[in-house]
Amino acid sequence: MDQGGDEEGDCRLDLAIGPPHHGSGSAGEVHGCCRPGRRQGRWASTFTGMDGDGSEAQRLAIVARVLESPPAVHPSAPNGKVWRTDRRCYEFMASQVRPGSRTLETGAGVSTVLFTAWGCRHIAVVPSPAEEMIIREYCAEMDFDTSLLTFDLRPSELALPGMTELGELDLMFIDGAHSFPMPIIDWFYGAGHLRKGGVVVFDDLPLPAVSTFLNSFVERDDRWQQIGSSPKWRAYRRLSEGSLAEHEFQQPFFQGDQPNVRTRAIRILKDLVPLSIRQELARSESSSRRHRSQP
Ligand SMILES: C[S@@+](CC[C@H](N)C(=O)[O-])C[C@H]1O[C@@H](n2cnc3c(N)ncnc32)[C@H](O)[C@@H]1O
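The sections below set out a description of the structure shown in this document. Note that this is a predicted model, so its numbers are computed, not measured.

### Some points on the overall build of the protein chain
Thinking step 1. Counting its regular elements, the protein chain contains 10 helices and seven strands.
Thinking step 2. Counting only residues that meet the buried cut, the protein chain has 37% of its 295 residues in that class.
Thinking step 3. Within the protein chain, contacts between residues at least 6 apart in sequence are counted, and of these 73% link residues at least 24 apart.

### So, the packing of helix 7 (residues 182-190) against helix 8 (residues 208-216)
Thinking step 1. Following both chains from N to C, one finds helix 7 and helix 8 inclined at 55°, their axes separated by 8 Å at the closest point. Between helix 7 and helix 8, the angle is such that the two are oblique. For the pair helix 7 and helix 8, contact is made by Met182, Pro183 and Ile184 and by Ala209, Val210 and Phe213, respectively.
Thinking step 2. Its residues placed into classes, the contact of helix 7 with helix 8 shows six nonpolar, no polar and no charged.

### Topic: unusual backbone geometry
Thinking step 1. Residues Phe180 and Pro181 are joined by a peptide bond in cis, for which omega reads 0°.
Thinking step 2. Mapped onto the fold, Pro181 is located in the loop between strand 4 (169-174) and helix 7.
Thinking step 3. Although it is not a glycine, Asp143 adopts a positive phi angle of roughly 60°.
Thinking step 4. With respect to the helices and strands, Asp143 occurs in the loop between helix 5 (129-142) and strand 3 (149-152).
Thinking step 5. One non-glycine residue, Asp204, lies in the positive phi region at around 70°.
Thinking step 6. Turning to its location among the elements, Asp204 is positioned in the loop between strand 5 (194-203) and helix 8.

The rules we used
- Residues numbered from 1 in each chain as written.
- Predicted model: local features only at pLDDT ≥ 70, side-chain atom pairs only at ≥ 80, totals over all residues.
- Helix = DSSP H or I, 4+ residues; strand = E, 2+ residues; numbered from the N terminus.
- Buried ≥ 20, exposed ≤ 12 C-beta atoms within 10 Å, placed from the backbone.
- Contact = placed C-beta atoms within 7 Å.
- Axes fitted to C-alpha atoms, helices over the stretch in contact; angles between N-to-C directions.
- Parallel < 35°, antiparallel > 145°, perpendicular 65-115°, else oblique.
- Nonpolar A, V, L, I, M, F, W, Y, C, P; charged D, E, K, R; others polar.

In structure tokens form, the structure reads like this:
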């Protein structure tokens, strides 16, 4: 777990179920995503303009700034502030979005603040009006523009199936309920809106409802290309498009035996090696294979 001191596990929060609530802004024109904060001495020197330049460097600076003093969204978290993922996961997502990117997450917290501050057209699906209030107050305090942020205050398993008019998404972050089969429901109804080339990020791999699904299905489906990971989170680029509903004959990779214990153990060990090193190894292995096959 990263410096937030939060621990792995399900979030046990007081989940008030309420009607969908839409924030002040709906997706529309892209605004400058942040302005110099009231309390932030270093802020002005970090960015090039009043509203920032929308660059990856700026998004990374926002990650650093928010993690320095994160919002207290989840008072029941072990650190008394927030359940959150690794810094590297946020930095990875910062590399995948731009101002105006269409993003969706299940759950809320640091990630919601970041998508907002990065200027994404963002929807957070979380059944907690209290979390929405804390996040909005924090964004106001930090002078992050929330006009492109929308909350849906229903549990994701109720909200997502009805979001038929969502349009195409650029990125989805799945970090809501972590019991079986909730991450699969989020993936099916949410990631089905990802455009071809869009990205889905799963948090909390140590929880079986996440890892079992990823290792038994997604890893075997070459329409999902792994593009980032740690032992805590994993990201895939979608190489297909449209609904994820299909027939079993469209899933030949899912026939036969499930990966055995040895294969699963290798996968866990592989996740410990940074993706860039794995890609480099794969490249040199394929070039030496080519070399060997030459007469
Ligand atoms: C691990 S926390 C999210 C952390 C956040 N992504 C971050 O980076 O700080 C899990 C979140 O899931 C929410 N949650 C729990 N059950 C949910 C459900 N059925 N649908 C959507 N969100 C849910 C909790 O209220 C909490 O905000």
